[in-house]
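Descriptive structure summary
These are the residues of each chain, in order.
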Amino acid sequence: MSTARRGKRHLDLEAVRARLAGGNGRDYWRSLEKLAETEEFNALLRRELPRQMAAFGHAVTRRELLKLAGIALALTVLPGCTRRPAEEILPYARPPEDLAGDRPLFYATAMALNGSALGLLVESHEGRPTKVEGNPRHPASLGGTDAFAQALVYTLYDPDRSRAVLNRGRVSSWAAFLADLRGRMAAQRARKGAGLRILTETVTSPTLADQLHGLLAEFSGARWHRFDPLAPDNLRAGARMAFGGYVDTQYRFDRADVVLSLDADFLSWPPGHVRYARDFTLKRRVRAGVRTMNRLYVVEPAPTITGAMADHRLPLRPTHIERFARAVARALGIQAASGEVPELSPEDTPVFSALVEDLQAHRGSGLIVAGRQQPPIVHALAHAMNQALGNAGVTVIYTDPVEADPVEHLGSLQALVEDMAAGRVEELIIVGGNPVYTAPADLQFAEHLARVPSRVHQSLYEDETSALCSWHVPAAHELEAWSDARAYDGTVSIIQPLIAPLYGGKTAHELVAALLGHPRSSYEIVREFWKSQHRTADFEQYWRGALHEGVIAGTALPPKSVSLRADFAVSESHGRQASVRPGEEGLEVVFSPDPTIWDGCFANNAWLQELPKPLTKLTWDNAALLGPQTAERLDLHNEEVVELHYHGRTLRAPVLILPGHAAGAVTLPLGYGRTHGGRIATGQGFNAYTLRRSDALWFDSGLEIRKTGERHRLALTHDHHRMEGRDLIQVSTFKHFRERLHIVHGSVTEEQRLPSLYPGFSYKEGYAWGMAVDLNACIGCNACVVACQAENNVPTVGKTQVMIGREMHWLRVDRYYVGDLDRPNTYFEPALCMHCENAPCELVCPVGATNHSDEGLNQMIYNRCVGTRYCSNNCPYKVRRFNFLQFADVTTPSLQLMYNPDVTVRARGVMEKCTYCVQRIQGGKIRAEEENRRVHDGEIKTACQQACPAEAIIFGDLNDPNSRVAQLRAQPHSYALLAELNTQPRTTYLARIRNPNPKIEPE
């Protein structure tokens, strides 16, 4: 970690609190630096565009010009290097043969994260996958996606992916691997596999599970172990405690009127998070005439996007949450819920009482969700409360587990480590995952792995585990592979490839088939398995239907009836996490997956590294997150490097103060600090896994912090593209909305428009495109940002450029706070080009590069732009981006295949911005003209709209009074951003509406 001496001026949190206390009305703020008006903040404010051009720019030489020309020529033949899979794949919609070469095809497939499948439609241009969308027919997607799915194509074309089979670090071949494996497996067969161990991540693939069962039947002495660093072990242990066996829990948020989250970030954590976002926001959509709205209570230590959507949020240390859950359960009449009464502050006491009354008043329409970080007892209590309130079978559905042969992963890994330590493992096959990096530090997995004579690892990258294995086999990417996987509800999707493996990668099916001595293609393996499951004459039709639709009908798991155990031991302590007394002095450490790179598996994805994290707005790094109270007590400041001491281990990390974080706790995001796995992954952040222990995977007490006097610069974006001092976001309450039906100022009707010197435009006969963003549905997940990046060939710029304000995202999701530092309300607001009728940018462009279309679009003509940046200076919304350097990669061959051919790849010195995906608009218009009709409402979707899991973004024709966008603009809580400037934007918003409990927050 690079460090420097800390500057003289830093945050004065005491002064910030005084300023907030003395404010009049609501004061919306985006960062602590803004409130404190630090020296660095004021320096940033003084310049709209950074001035350090000379340090990074240079004139293009003749040699470089010729080099770029050669690259342009090479790009004309690069697509010919790609190959479609040899087997037949079926597109989601088959166009006429004469048009197939002119229009992209979409193929239904799926991606699995933590084993759970998300249904996808992937766009393919002449055999090149370029864009991911959600499959509207898949129950886990319903057409939406998340940021990880949107970034899938970057990983596919990542030049750092593993390209060859390695034998002890030297390039080898698949044939050589098979020859070596054949002899070793023959020796294991003679011993019935006594020395053979298989280690996988979560497996929900019916085909792979069947193969592994076949392997264990042939090698009866072998063992199949599983480990996922984010496995839901606590959920399973809690279900076993409550019901006597493993069950999976599905939630019906579309039926829930009151929701209590006990440290459960259900809007961003798989499985089911994309579907849950849709269902949850359905109950929050406010329109004229709507009389009901759901209410969300969240209890959590670190702010999450679920907590940001809460009507009431209690920041509690993680060890306090069990006591809070016990108290709620006891108040609901669950006699077994013994334990100490939680020590609630005067501010929290009315919240607790009102919460209990609210849950009791909504029996059968309430819902209690426990997060996987919480110990088993909290999950058992959640089950008991849902049973007692009559929620089971209505808002809570139980099924058999989705995972094949479910186990508690930590125990499975510990058993493997014990066998390795005892010398009982002779042959270890690691299928996916990266246990050397992700295993709990106290298990010393790497040291014990070295004792195994033969070690095989299959993975996308040459990572930390690959470096310690005898053989490394490159894995095929999801878009290169045949497979299958179950969704959160059990529905199976066939994963079909869109492109032949770029680097000769192999699937898990092919590796297991090789272990059995019958090497075959994954297509044959998957197809034969499903043929054995569907023994009828119409299998071909069945197979083609499954490929076309993206789901196999009838595979969802049926609801299961469960009974709560009368003797479930809720009074016992279960593990060190539950036994920690909340009143103990010292700090608690919290481990959490990173919002953008997850457990580290996306660490080499530049799109996700540069994506601002929803709450912190941090890019290219992780930081030790702590609350303002903790920072004040320890005299810590942003970017200050500290030493974290925990049970004999030490880790250095920069500090980032996060408003709303519980006092007395420090959150360490996982996934950074990589030493292998690609040029982007290595060298970024710190490795929190080195402090993680097997007896406290998620949180624990005993953390100590020591100052080092050093500083580590963080690339934060929350103060970039600022519009402070104006009414930017409108917020009200549901009660206020129902009573007054007009809650915001800033809306401008046709009759209220001010006179203007700008020329008027008429759209009476053609189209008038516009967009509405429902802030009550926006969860701040950033799927739209990555979708825009993928669709429009938006480049990444790197950490150094982000730090001086040069990130290129056309769409950003601003995060605003209101309230005190320790428990503010948090709001998200997507900001993109407003496509103003009176666009301030258009009249100042000296070359007419930005102009107004006859359909209301603010257009950019890139080959006219000469880079004066007058338009950016004149834009009050700060949504234009300037290509200071050659940010687009025009030299790496594999990355050229990733670009959308319908969108220009911009050169240096060009201004660019959102165009409402004009290429999609033109495509939709062409299709309509061919059929001699107007474009249907909803037929054209922008990339951000299509990606949104909550359907918060609506695009359409304002000239159609029946269009959704026109109807939303007519709602009483619709408003235009900075409407007082008379820019008349085409992008408008629906205000954020809260539904606070009147007993907690009377009006």
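Remember, predicted model here, so these are calculated numbers, not experimental data.

1. Side note on the state of the cysteines
In the structure shown here, the tally under the stated rule is 0 disulfides. Here C781 is not disulfide-linked; the sulfur of C948 is the nearest cysteine sulfur, at 6.1 Å. Residue C781 is classed as partly exposed on the basis of its relative accessible area of 23%. Left unpaired, C875 is separated from the closest cysteine sulfur, that of C841, by 6.5 Å. Judged by its relative accessible area of 8%, C875 is buried.

2. Remarks on the environment of L235
Within the element layout of this structure, L235 appears in helix α9 (residues 233–243). Along the backbone, L235 and V378 are 143 residues apart, and their C-alpha atoms lie at a distance of 9.0 Å. Dropping the residues within four chain positions of it, L235 is found in contact with R372 and H379.

3. Here we look at the environment of A422
With respect to the element layout, A422 can be found in the loop between α15 (409–421) and β15 (427–431). Separated by 26 residues in sequence, A422 and H448 have C-alpha atoms that sit 9.2 Å apart.

4. Let's talk about the pairing of strand β26 (residues 699–711)
Across 4 bridges, the pairing between strand β20 (residues 587–593) and β26 is antiparallel. Pairing of L587 across the sheet is with L703, part of β26. Two strands pair when backbone bridges link them, and strand β23 (residues 640–646) and β26 are joined in this way by 7 bridges, in the antiparallel orientation. Paired with V641 across the bridge in β26 is E710.

5. Thoughts on helix α1 (residues 13–21)
Because the α-helix completes a turn every 3.6 residues, residues three or four places apart line up on one side. Three or more residues of α1 are buried, namely L13, V16 and L20. One side of α1 holds all its buried residues, which, seen down the axis, span an arc of 55 degrees. In α1, those exposed residues whose orientation departs by more than 90 degrees from the buried face are E14 and A21.

6. Notes on the sheet that holds strand β38 (residues 987–990)
Sheet architecture is open: 4 strands sit in the order β36-β29-β38-β37, paired in mixed fashion. Looking at the sheet topology across the chains shown, the edges are occupied by β36 (953–957) and β37 (974–976). When strand polarity is set aside, the average angle formed by the axes of neighbouring strands in this sheet is 30 degrees.

7. Here's the deal with the sheet that holds strand β4 (residues 128–134)
In a beta sheet, neighbouring strands are held together by backbone hydrogen bonds and run either parallel or antiparallel to one another. The strand order β2-β3-β4 describes an open sheet built from 3 strands, whose pairing is antiparallel. In this open sheet, the two strands that pair with only one neighbour each are β2 (105–113) and β4. Strand after strand, the sheet turns through a mean of 40 degrees between neighbouring axes, direction not considered. One ladder, built from 9 bridges, connects β2 with strand β3 (residues 116–125); its direction is antiparallel. Across the sheet, M111 pairs through a bridge with L118, a residue of β3.

8. Comments concerning the pairing of strand β10 (residues 258–262)
The element β10 is extensively covered by neighbouring structure, given that 5 of its 5 residues are classed as buried. Going residue by residue along β10, you find V258, L260 and L262 tucked away on one face and V259 and S261 tucked away on the opposite face as well. Direction of pairing for β10 relative to strand β11 (residues 295–300): parallel, over a ladder of 5 bridges. In the strand pairing of β11, L260 is matched with Y297. As a crossover connection, the stretch from β10 through helix α10 (residues 273–282) into β11 is right-handed. Direction of pairing for β10 relative to strand β13 (residues 366–370): parallel, over a ladder of 5 bridges. Looking across to β13, one finds that V258 is bridged to G366.

What counts, and at which threshold
- Residues numbered from 1 in each chain as written.
- Predicted model: local features only at pLDDT ≥ 70, side-chain atom pairs only at ≥ 80, totals over all residues.
- Heavy atoms only, no water.
- Disulfide = S-S within 2.5 Å.
- Buried < 20%, exposed > 50% of the residue type's maximum accessible area, 1.4 Å probe, protein only.
- Helix = DSSP H or I, 4+ residues; strand = E, 2+ residues; numbered from the N terminus.
- Contact = heavy atoms within 4.5 Å.
- Pairing = 2+ DSSP bridges.
- Arc of directions from axis to C-beta.
- Axes fitted to C-alpha atoms, helices over the stretch in contact; angles between N-to-C directions.
- Right-handed = clockwise from strand over helix to strand, strands pointing away.

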